[in-house]
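Survey of secondary and tertiary structure
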Amino acid sequence: MFEGKNREIMQRDLEVIWHPCTQMKDHETLPIIPIASAKGVYLYDFEGNRYLDAISSWWVNLFGHSNPTINAALISQVEQLEHVLLAGFTHAPAVELAHQLVALTPKGLEKVFYADNGSSAVEVALKMSYHYHYNQGKKKSLFLSLSNSYHGETIGALSVGDVGLYKETYAPLLIANEQVPVPKDQTPKAAHDALELLETRLKEKGDKIAALILEPLIQGAGGMHMYHSDYLKGARELTSKYDVHLIADEIMTGFGRTGMMFGCNHAKISPDFMTLSKGLTGGYLPLSVVMTTNTIYNAFYCDYHEYKAFLHSHSYTGNPLACSVALATLGIFESQNIIETNQSKQQHLSKLLQKFKSLPNVKTVRQQGMVAAVELTGYTPKERVGLQIYRYGLTHGVLLRPLGNVIYFMPPYIITESQMGEMIQVAYDAIKAV
Ligand SMILES: *Cc1c(COP(=O)(O)O)cnc(C)c1O
């Protein structure tokens with residue numbers, strides 16, 4: 001890994017690049033892997049080593065790297081129109097994509113606001129929710145979220161998250177937020193216990209709370225913590241009852257990861273806002289959307305001088321290249337009936353996961369749709385067991401990127417059963433080796 005062209009690029013990288021979410025000193029001993037090309041589930045470095053991308057390159061890739069269908073859509077779009085501003089102008093890919101998203105998402109979500117990454121979509125949803133209440137003459141400037149949640153790392157998104165590692169340092173900068181406990185496991189009982197606490201908080205402070213934001217069914221960066229859909233159903237009922245918006249952050253859970261198209265589908269609910277990004281473009285280009293209702297849209301609709309408009313924008317909002325690959329991605333869902341064909345992959349994954357249960361350092365094994373996690377026990381944070389597993393994976397051809405003690409699998413949907421076997425075997429050996 002550390003040889004030849006790989007080493008040369010890594011050294012030039014370290015002279016100038018400050019990497020995301022990284023203690024740069026780790027790279028005194030830990031190699032940075034320069035990727036030369038990628039195809040399907042595999043990434044290839046400059047020395048011909050390959051790595052099975054078990055985490056879909058940070059949860060974005062759905063149909064493999066260098067997917068021929070998506071490539072073709074991108075090439076054709078770039079010949080036509082690369083970018084145009086979306087204020088006062090529009091273009092066919094943005095229009096078509098918005099219509100398809102309205103048709104695909106739960107009933108009631110009728111308007112699409114474009115942004116260009118997940119965190120900015122969360123910012124938009126928070127601002128819109130606050131502003132909606134403001135336009136109604138209500139001062140609601142507090143946000144509620146679940147313990148252990150993650151919604152991105154810009155100031156607003158960070159505020160409503162609850163991962164201490166990312167958040168604590170910035171505490172004085174954050175907007176007003178509170179957390180209620182997330183259901184502690186996947187049982188209906190845990191969901192109902194947590195709903196009682198939610199109702200208590202809403203009763204007490206509902207008049208100050210603009211919105212409850214949550215990650216449906218799976219808390220991603222919070223270690224792939226999973227909970228029952230009854231919680232979603234109850235949270236929808238309670239937020240409606242107390243005049244609080246429900247923001248479903250489906251940035252990770254959207255587009256089939258939970259086994260249905262959206263996490264909300266499991267509870268048959270429709271939120272007031274849904275944020276989507278990551279898989280939206282099949283892992284090709286940055287793009288995000290905030291879906292919302294006509295009720296919310298209409299509260300901003302008036303003569304200009306009334307100052308009710310939502311004056312928020314990003315330069316690359318609704319970029320045509322990104323919209324065209326998103327359309328190609330949705331096309332694959334439909335033409336290949338992905339949600340249904342993924343069912344057997346989930347079952348296969350479930351079978352493969354069984355063998356982790358007998359390992360003495362494994363605490364729990366959990367799965368929701370196309371996402372699975374193995375949580376280890378018996379390690380102190382100082383041991384950095386996740387980092388050890390990451391290293392083991394890389395030297396054995398699999399990109400695993402544990403979250404603390406949690407090793408998880410979120411592969412692209414094109415993964416074959418034998419590739420799944422390869423991924424699981426390397427993780428299994430890694431867990432035995434640490
Ligand atoms: C990744 C993620 C975000 C942030 O998206 P970025 O594009 O990384 O800013 C927000 N919410 C959830 C649930 C995510 O998984």
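This part covers the nonpolar core. By size, the foremost hydrophobic cluster in this structure holds 81 residues, and its most contacted members are Leu-198, Met-224, Tyr-231 and Phe-255. It is helix H11 (residues 320-335) that provides the largest number of residues to this core, a total of nine residues. Inspection of this core shows a minimum of three residues originating in each of domain 1 (4-66 + 338-433) and domain 2 (71-335). Here Tyr-231 is in contact with Leu-146, Val-180, Pro-181, Pro-183, Ala-191, Ala-194, Leu-195, Leu-198 and Leu-214, once residues within four sequence places are set aside. One finds Val-374, Leu-400, Phe-409 and Met-423 within the second-largest nonpolar core, a separate group that totals 28 residues.

Let us look at the domain arrangement of the protein. When the domains of the protein are assigned, the result is domain 1 (4-66 + 338-433) and domain 2 (71-335). Domain 1 and domain 2 are separated by 27 Å when their C-alpha centres are compared. The interface is formed by 27 residues belonging to domain 1 together with 28 residues belonging to domain 2. Counting each side, the surface lost to burial between domain 1 and domain 2 is near 2300 Å², with a carbon and sulfur contribution of 63%. The largest per-residue losses of area from domain 1 upon contact with domain 2 belong to Trp-59, Ile-339 and Gln-368, which jointly make up 27% of the total buried on that side. Put simply, domain 1 and domain 2 have zero salt bridges between them. Joining domain 1 to domain 2, the criterion identifies 15 residue pairs in polar contact (both at pLDDT 80 or more). Sorting the residues of the side of domain 1 that touches domain 2 by element identifies helix H2 (56-59), helix H12 (338-353), strand E13 (362-368), strand E14 (371-376) and strand E16 (406-409) as the ones contributing at least two each. When its residues are assigned to classes, the side of domain 1 that touches domain 2 shows 17 nonpolar, nine polar and one charged.

Here we take up the sheet that holds E16. The strand order across the open sheet formed by three strands is E13-E14-E16, and the pairing between neighbours is antiparallel. A strand with exactly one partner marks an edge of an open sheet, and here the two such strands are E13 and E16. Here the strands of the sheet are splayed against their neighbours by 15° on average, with no regard to which way each runs. Judged from the four bridges that link them, E14 and E16 form a sheet pairing that is antiparallel. Paired with Val-374 across the two strands is Ile-407, which belongs to E16. Across the sheet, H12 is in contact with E13, E14 and E16; its angle to E13 comes to roughly 175°.

Thresholds, definitions, all that
Residues numbered from 1 in each chain as written. Predicted model: local features only at pLDDT ≥ 70, side-chain atom pairs only at ≥ 80, totals over all residues. Heavy atoms only, no water. Core = buried A, V, L, I, M, F, W, Y, C linked by side-chain atoms within 4.5 Å. Buried < 20%, exposed > 50% of the residue type's maximum accessible area, 1.4 Å probe, protein only. Helix = DSSP H or I, 4+ residues; strand = E, 2+ residues; numbered from the N terminus. Domains from an automatic or database assignment. Contact = heavy atoms within 4.5 Å. Buried area = accessible area lost by both parts, 1.4 Å probe. Salt bridge = Lys/Arg side-chain N within 4 Å of Asp/Glu carboxyl O. Polar contact = N/O pair within 3.5 Å; in protein donor to acceptor, adjacent residues only side chain to side chain. Nonpolar A, V, L, I, M, F, W, Y, C, P; charged D, E, K, R; others polar. Pairing = 2+ DSSP bridges. Axes fitted to C-alpha atoms, helices over the stretch in contact; angles between N-to-C directions.

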